[in-house]
Amino acid sequence: MYQEIDLDKIDIYTEPPIEEPARQYYYMAKCRKLVEKETKQRGRPFTFCVTTFGCQMNARDSEKLTGILEQAGFLPAPDEHADFVIYNTCTVRENANLKVYGHLGLLKHEKKSNPHMRIALCGCMMQEPKVVEKLKKSYRFVDLIFGTHNIFKFAELLARTLEGQGQVIDIWEGTDEIVEDLPLERKYPFKSGVNIMFGCNNFCSYCIVPYVRGRERSRRPEDILQEIEMLAQDGVSEVMLLGQNVNSYGKTLKTPISFGELLRRVEQIEGIRRIRFMTSHPKDLSEELIQVMKASEKICRHLHLPLQSGSTRILKAMNRRYTKEQYLDLAERIRREIPDISLTTDIIVGFPGETEEDFLETLDVVQRVQYDNAYTFIYSKRTGTPAAAMENQVPEAEVKSRFDRLLSLVQENARARTARFADTVQEVLIEEVNEHDPSLLTGRMSNNLLVHFPGDAALMGSIRKVRLNECRGFYYMGTLISD
Ligand code: SAH
Ligand code: SF4
Ligand code: F3S
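The shown structure was predicted, so the numbers you read here are calculated from the model rather than taken from an experiment.

Cut-offs and rules
- Residues numbered from 1 in each chain as written.
- Chains lettered and ligands numbered in written order.
- Predicted model: local features only at pLDDT ≥ 70, side-chain atom pairs only at ≥ 80, totals over all residues.
- Heavy atoms only, no water.
- Helix = DSSP H or I, 4+ residues; strand = E, 2+ residues; numbered from the N terminus.
- Rg over C-alpha atoms; globule rule 2.2 N^0.38 Å.
- Buried < 20%, exposed > 50% of the residue type's maximum accessible area, 1.4 Å probe, protein only.
- Contact = heavy atoms within 4.5 Å.
- Lys, Arg positive; Asp, Glu negative; His and termini not counted.
- Charge placed at Lys NZ, Arg CZ, Asp CG, Glu CD.
- Phe/Tyr/Trp six-rings, centres within 6.5 Å; stacked < 30°, edge-to-face > 60°.
- Lys NZ or Arg CZ within 6 Å of the ring centre and 35° of its normal.
- Pairing = 2+ DSSP bridges.
- Axes fitted to C-alpha atoms, helices over the stretch in contact; angles between N-to-C directions.
- Near = heavy atom within 4 Å.
- Polar contact = N/O pair within 3.5 Å; in protein donor to acceptor, adjacent residues only side chain to side chain.
- Areas by Shrake-Rupley, 256 points an atom, 1.4 Å probe, with all protein chains shown as cover.
- Nonpolar A, V, L, I, M, F, W, Y, C, P; charged D, E, K, R; others polar.

Undergrad: How should I be thinking about the overall build of the chain in this particular structure?
TA: When helices and strands are tallied, the chain shows 13 helices and 19 strands. Relative to the compact-globule value of 23 Å for 483 residues, the chain shows a C-alpha radius of gyration of 23 Å, a close match. For the chain, the spread of C-alpha atoms along the principal axes amounts to about 65 × 60 × 50 Å. Per-residue burial for the chain yields a buried fraction of 56% across its 483 residues. Long-range contacts, defined as pairs at least 24 residues apart, comprise 72% of the intrachain contacts of the chain with a sequence gap of at least 6. Taking the average location of the 65 positive side-chain charges in the chain and that of its 70 negative ones, the two points are 3 Å from each other.

Right, here's the structure in full:
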C-alpha cells in the first residue's frame, strides 16, 4: 500500500533505482523538479486534466494517474484548458474510439494557443497497433502514448515528456507484473474501487478486452485486504471490488482462493459498511457466492449479471459458455435466495447472424428476469476479434429497430421494478450535492438506486435513512429521516 514517501529527500542526480516502485518515486521526484522549474519560468502553476472513458477499471487507473500528477506538483484544472491533458481511453466499442479522435481535434487547436501544453494518451485503445500507427502518422502533436500494461511507469514516462524528448511512445504487449504501492488520488473520499484482478481469459468472440488488457492475473488476497484496511482507516466506507470476471478470482494464485472466500474476509474489515463488485460472469457464478451474499450484512443487494443474448445459439457463437436455460435458472436461484436483490445486465443487439427468433429469445429473458436495469449496446465490430470475421453481419436498420424494441421493454420493466420501493425507508450513502439544485443531496441505496432529498452538504459520505416519497421513473425524491 502507498506509504508517504518524502519525494524531496530523493536524490535525483544519481542513477534511478532498477526495482519498482522505488524507480517510479525517483521519477516523481524528478517530475516535481521539472514542474517547479517550468512554474517559476512562467510565473503561474502547471495544471492538469485527466479525462476517463470506459469502465470502472479505467476510472480506478485514472485515480492512479491523478495521484502521480499531484505528487509531481501539477494542480487540477476544472476542464481540458490545462497544461497537461491525458485521455485514459476505451476501445470496447467503435464509438468509444471515435470520441477520443473527436476530442483530440479540439485539443490540437488548444495547443496552438498554449505552447507549454502536453497531451498524453493511455488506456485500452493504445494497445491496438493500428491506433498507434495512426497517431504516429497524423497526430504528431500528441506528446506521450502508453498502454494498459505499463501504467505503473507513468511517472517515468512523464519525466521523459517534460524533458521534451519528442513524441514518447511506450506500449507493452503484455505483462505478468503487478506493481503496487504507488500514490493515487481518490475521486470520492468515502468510497473506492479496489482492483482484485487484471485482464481477462474469456475471449467472448465479440470482445476486444482480452487483447488490450492481457491475461487474467489475480492480486494476492493479503495485498487486497491490506489495501482495504488502509482505505477504511482513511474514511472509506464502501469498496467496489473490480475485475472483468470477479467470479474466477483467485483460481490461478499459488494458493488458490475463491471469490466467495475473499468476500468473507473483506466483510471482516472494520469500518467497511458496503461491499460491491463488478463484473460477474454467469458461467462462473458459484453457489458459494450466492450463499455468501445471502449471509452478508455488507454486500450490497445488487448483482450485475451480463446476459449479452437470450438465444443459446448466439450465446454459443459469442463463446459465453452458458445457455438460455442455465442463465434463467441462475437468475431464479439468486432471486429465490436473496429476494430483495436488484439484478442488472448488459445486452448486445445485432451480433452477426442474430435472427428475429434469436432476438425474441432475448426479449423473453428480459421479460422473465425483470431486470432492475439493463445496459443495451448495438454490436460493434472490433478488428482482431473472431466475430469481426463472421459473415451475416446484421443490416443496420434491422439492428436499430431491435435495439429500440429492447430498450422500451427494458425501460418499462425498470420503471416497474423501481416503483416497488415507493414509501419505504432505505439506507443510503450520501454521495453528491445536486448539480442543479445545491439544496438537494443524492444518496445511493444498497441496490444502486438513487434518491434526491433536501439536506446539508456536511452529510456527504455518511450513511443515512431516507423515505422514498415519489418515484420518478428510474430514481426517487425523498426526505431524510432524523435519527
Ligand atoms: N467483463 C464484463 C464486460 C466488459 S465490457 C463482462 O463480461 O460482463 C462491458 C459490456 O460491453 C459487455 O458486457 C458487453 O455487453 C459490451 N460489449 C463488449 N464488446 C462489445 C462489442 N464488440 N459490441 C457491443 N458491445 C460490446
Ligand atoms: Fe469481454 Fe467476455 Fe472478458 Fe467480459 S468476460 S471482458 S465480455 S471477453
Ligand atoms: Fe473499455 Fe478497456 Fe474497460 S476497453 S470497457 S476501458 S477494460
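Undergrad: What's the story with the packing of aromatic side chains in this structure? I'm lost.
TA: This structure, assessed with the given rule, holds 15 aromatic pairs. When the ring of Phe 46 is compared with that of Phe 74, the centres are 5.4 Å apart and the planes differ by 50°; the resulting orientation is tilted. Here Phe 46, found in the loop between α1 (22–42) and β1 (47–52), pairs with Phe 74, found in the loop between α2 (56–71) and β2 (75–76); they are 28 residues apart in sequence, far enough to count as distant. You can call Phe 46 buried: its relative accessible area is 2%. An angle of 85° between the planes, with centres 5.1 Å apart, marks the rings of Phe 259 and Phe 277 as edge-to-face. Pair noted here: Phe 259 is in helix α8 (residues 259–267) and Phe 277 is in strand β11 (residues 274–278), with a separation of 18 residues, a long-range link. Like Phe 277, Phe 259 is buried. Joined through ring pairs, the aromatic side chains of Phe 46, Phe 74, Phe 84, Phe 146 and Phe 154 make up one cluster. The ring of Phe 377 is capped by Arg 93, whose NZ or CZ atom sits 3.7 Å from the centre of that ring.

Undergrad: So what exactly am I meant to see when it comes to the sheet that holds strand β17 (residues 450–454) here?
TA: The strands making up a sheet are joined through hydrogen bonds of the backbone, oriented either antiparallel or parallel. Around the barrel, five strands lie side by side as β15-β16-β17-β19-β18; this closed barrel has mixed pairing. Going from strand to strand, the sheet's axes swing by 50° on average, the running direction of each strand aside. Where β17 and strand β19 (residues 475–480) come together, three bridges link them in parallel fashion. Residue Val 451 lies in a different strand from β19, and its bridge partner there is Tyr 476.

Undergrad: Help me understand the site of ligand 1 in this model?
TA: What surrounds ligand 1 is a group of 15 residues, the closest being Arg 93, Gln 244, Gln 308, Asp 346 and Ser 380. Tyr 206 is positioned such that a nitrogen or oxygen atom in its backbone is 3.0 Å from a nitrogen atom of ligand 1. Between ligand 1 and Ser 380, the relevant distance is 2.8 Å, taken from a nitrogen atom to a main-chain nitrogen or oxygen of the residue. Protein chains bury 90% of the 540 Å² of accessible surface belonging to ligand 1 in isolation. Of all elements in the fold, only β13 (342–349) and β14 (373–378) reach the threshold of two or more residues within the shell around ligand 1. Broken down by class, the residue content of the shell around ligand 1 amounts to seven nonpolar, four polar and four charged.

Undergrad: Hey, could you run me through the site of ligand 2 in this one?
TA: Around ligand 2, a shell composed of Cys 200, Asn 202, Phe 203, Cys 204, Tyr 206, Cys 207, Val 209, Pro 210, Gln 244, His 281 and Arg 320 is seen. Among the residues forming the shell around ligand 2, the class breakdown is seven nonpolar, three polar and one charged.

Undergrad: Just checking my understanding: could you explain the environment of Arg 417 for this structure?
TA: As for its position among the elements, Arg 417 is in helix α13 (residues 396–419). In this structure Arg 417 touches Arg 335, Ile 341, Gln 370, Tyr 371 and Asp 372, once residues within four positions along its chain are discounted.

Undergrad: In this structure, what is going on with the pairing of strand β15 (residues 425–433)? I would like to understand it.
TA: Side chains on a regular strand alternate between the two faces of the sheet. The pairing of β15 with strand β18 (residues 463–471) spans five bridges and is antiparallel. Considered in β18, the bridge of Val 425 is made with Arg 467. As paired elements, β15 and strand β16 (residues 440–445) share five bridges and run antiparallel to each other. Within the sheet, the bridge partner assigned to Ile 430 lies in β16 and is Gly 443. Linkage of β15 to β16, two consecutive antiparallel strands, is achieved through a turn of six residues.

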